[in-house]
Amino acid sequence: QDPFVAFHLDKTLVRKYMRPLLIGELAPDQPSFEPSKNKKLVEDFRELRAAVEKMGLLNPSCAFFLLHLCHILALDVAAWLTIWYFGASTVPFLFSAVLLGTVQAQAGWLQHDFGHLSVFSKSKWNHWVHKFVIGHLKGAPASWWNHLHFQHHAKPNCFRKDPDVNMHPLFFALGKTLSVELGVQKKKFMPYNHQHKYFFIIGPPALVPLYFQWYIFYFVVQRKQWVDLAWMLTFYIRFFLTYLPLLGVKGILGLIVLVRFIESNWFVWVTQMNHIPMHIDYDKNVDWFSTQLQATCNVHQSFFNDWFSGHLNFQIEHHLFPTMPRHNYWKVAPLVKSLCAKHGIEYQCKPLLTAFADIVHSLKDSGELWLDAYLHK
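Keep in mind that this is a model prediction, so the values were computed, not measured.

Caption draft 1: Summary view of the overall build of the protein chain. When helices and strands are counted, the protein chain shows 16 helices and 2 strands. Projected onto its principal axes, the C-alpha positions of the protein chain cover 75 × 55 × 40 Å. In the protein chain, buried positions account for 48% of the 377 residues. When the accessible surface of the protein chain is summed, it comes to about 18800 Å², and 66% of that surface belongs to carbon and sulfur atoms. Positive and negative charge centroids in the protein chain, built from 35 and 26 side chains respectively, lie 5 Å apart.

Caption draft 2: Seen up close, the pattern of salt bridges. If you walk through the whole model with that rule in mind, you get 14 salt bridges. The partner of Arg-46 in a salt bridge is Asp-2, and the shortest N-O contact between them spans 3.0 Å. In this pair, Arg-46 is assigned in helix 3 (residues 39-54) and Asp-2 in helix 1 (residues 2-7), connecting sequence segments 44 residues apart. By relative accessible area, which is 34% here, Arg-46 ends up partly exposed. Between Lys-161 and Asp-283 there is a salt bridge, and its shortest N-O distance comes to 2.8 Å.

What counts and how
- Residues numbered from 1 in each chain as written.
- Predicted model: local features only at pLDDT ≥ 70, side-chain atom pairs only at ≥ 80, totals over all residues.
- Heavy atoms only, no water.
- Helix = DSSP H or I, 4+ residues; strand = E, 2+ residues; numbered from the N terminus.
- Buried < 20%, exposed > 50% of the residue type's maximum accessible area, 1.4 Å probe, protein only.
- Areas by Shrake-Rupley, 256 points an atom, 1.4 Å probe, with all protein chains shown as cover.
- Lys, Arg positive; Asp, Glu negative; His and termini not counted.
- Charge placed at Lys NZ, Arg CZ, Asp CG, Glu CD.
- Salt bridge = Lys/Arg side-chain N within 4 Å of Asp/Glu carboxyl O.

Shown next as structure tokens:
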């Protein structure tokens, strides 16, 4: 029930699509609550959810998101004007690349809002604008994001259910339990005891330019998502038409590689700081609240941290209430903290640079656990 309520705006409409999935009903004498879940915690969280709805914290401010879109478009125009006015020499070229990298990162946070149905009251309006923001402003498919991201939210940090931890075990050994298991099985796809070092090579710099950049085209063609492909092409057509006269072919290719490099670093550090240092394991089928809290942590609030991370510094609140507009996370945070304190659940919140460092520390720790198990168990 809790995941269903968390993900959908129009629950009546969704229930119509769910009717064919009904396979039976429990007999009156059968237990309706799974023993692996904390019943009192589930009840308390549902009370919190009801309070959140009553307080209007799920109601978006369209002005907030409009201003955010405007600042993205302004930076996009400023990047082009910089090269148009100052020329294509090194300094204006690099300055424009930084501006465009910022555009890509911030458009990434904005498409995330639309993808989670947190901007408009109607699901279809969010879906329409989502295609524009991720397709035209970023050159990526909405269907690809939806396919992966909702799996992540349903079972965060659950191996084989969360696609965001599929880098284990091919590239990284993640989590204490999984790393030891890998070592005991004598598996070594990479020198995991050095993963905290090679993370700086194959992680933040490489994810978007070397993987996402080609995989998204493979995804839309394989799944015949032609509308998404059309939106993606409008991004590249616009980019080439506006920058080709100023930079030439080599210059424009260099620019887009540099922009993707900046975007990739920004994206990976922000998205992984809340998850990689947390509990990673197989799915234990615990309640919704516990599932999200063990897999997420927060970063301190500030104007810069909010902007820089797209309010994903409130990752805990975002995971508990994925359709909540991000400008309300700070309002619900004290209520979530109180619920955690009541049930003895850790609510982690740390400085931004500490959160970044914890990614590296956790990779080092799990790599050492793998090595010890590989050599001695």
